[in-house]
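# A closer look at the structure
The primary structure of each chain is shown beneath.
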Amino acid sequence: LTEPVARTTQEVLVALARHLPPEGALVGFPEGGFFNYVLDRRNPLPQEQFFPGHLDARVERETIRRLSERPPDAVLLANVLAVGHGSLAFGRDYLVELGRFLDERFVAAASFGPGSGPNARIGDAQFFVTIRVPRPSAPSPPQR
């Protein structure tokens, strides 16, 4: 791999190996199968790539349902554009509902690469990979 992808990939692998339990689940958008393979972590979804035309509206809703019912321990967002597919940015130009769901349900835990940051979005100018974890739920109101 060339820079900045090589160093960013290495940093993400080290962070996930340290913090993701061996039985943990990991899914990446728009693609993350490499990380599942290298770290030997399971993907809770039948797909490992999410590019335009890969999921119709029904399967997008099914993906959201699966992630709601059994949230993975970590979600990767990689600034990979779907240049050859017409729609460029996951969550902005395609699979918008799935992108919105991930924004609402998962929070940035770490971000790597020259474009890194908690608010980094696919389609930004610089490469990054952000690790997100399930957002802590609000505490239940006290019982009276």
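None of these values were measured; they are calculated from a predicted model.

## Quick word on the packing of aromatic side chains
What the rule picks out here adds up to five aromatic pairs. Taken together, a centroid distance of 4.6 Å and an interplanar angle of 45° make the contact between Phe 29 and Phe 50 tilted. Separated by 21 residues along the polypeptide, Phe 29 in strand E1 (residues 26-29) and Phe 50 in the loop between helix H2 (33-39) and helix H3 (57-69) bring together distant segments of the chain. Given the relative accessible area of 0%, Phe 29 is considered buried. Take Phe 50: its relative accessible area is 0%, and that puts it in the buried class. Where Phe 29 meets Phe 90, the ring centres are 5.2 Å apart and the plane angle is 20°; that geometry is what we call stacked. A residue pair is termed long-range when its members are at least 10 positions apart, and Phe 29 in strand E1 and Phe 90 in the loop between strand E2 (74-78) and helix H4 (96-105) qualify at 61 residues. Taken together through their ring pairs, the aromatic side chains of Phe 29, Phe 50, Phe 90 and Tyr 94 make up a single cluster.

## Side note on the side chain of Gln 47
Mapped onto the elements of the fold, Gln 47 is located in the loop between H2 and H3. In contact with Gln 47, not counting residues within four places along its chain, are Leu 55, Val 59 and Thr 63.

## With respect to the pairing of E1
Side chains of E1 alternate between two faces, with Leu 26 and Gly 28 and Val 27 and Phe 29 buried alike. Across four bridges, E1 lies against E2 in parallel orientation. In the strand pairing of E2, Leu 26 is matched with Ala 74.

## A word on H3
Helix length check: H3 (13 residues) gives 18 Å between terminal C-alpha atoms against 18 Å at 1.5 Å per residue, within 8%. Here H3 has its buried residues at Val 59, Glu 60, Thr 63, Ile 64 and Leu 67. Buried residues of H3, seen end-on, are gathered within an arc of 145° and therefore sit on one face of the element. Opposite the buried face of H3, at more than 90 degrees from it, the exposed residues are Arg 58, Arg 61 and Glu 69.

## Focus on the side chain of Thr 130
Looking at the secondary structure, you find Thr 130 in strand E4 (residues 129-134). Owing to a relative accessible area of 2%, Thr 130 belongs among the buried residues under this scheme. A distance of 2.8 Å separates a polar atom in the side chain of Thr 130 from a polar atom in the side chain of Ser 111. Apart from the residues lying within four places of it in its own chain, the contact partners of Thr 130 are Val 75, Leu 76, Leu 77, Ala 108, Ala 110, Ser 111, Gly 117 and Ala 120.

## Topic: H4
All of the buried residues in H4 are Leu 98, Gly 99, Phe 101 and Leu 102. Considered in projection along H4, the buried side chains sweep an arc of 160° and stay on one side of the axis. On its buried side, H4 packs onto E1, H3, E2, strand E3 (106-112) and E4.

Calculation criteria
Residues numbered from 1 in each chain as written. Predicted model: local features only at pLDDT ≥ 70, side-chain atom pairs only at ≥ 80, totals over all residues. Heavy atoms only, no water. Phe/Tyr/Trp six-rings, centres within 6.5 Å; stacked < 30°, edge-to-face > 60°. Helix = DSSP H or I, 4+ residues; strand = E, 2+ residues; numbered from the N terminus. Buried < 20%, exposed > 50% of the residue type's maximum accessible area, 1.4 Å probe, protein only. Contact = heavy atoms within 4.5 Å. Pairing = 2+ DSSP bridges. Expected span 1.5 Å × (residues − 1). Arc of directions from axis to C-beta. Polar contact = N/O pair within 3.5 Å; in protein donor to acceptor, adjacent residues only side chain to side chain.

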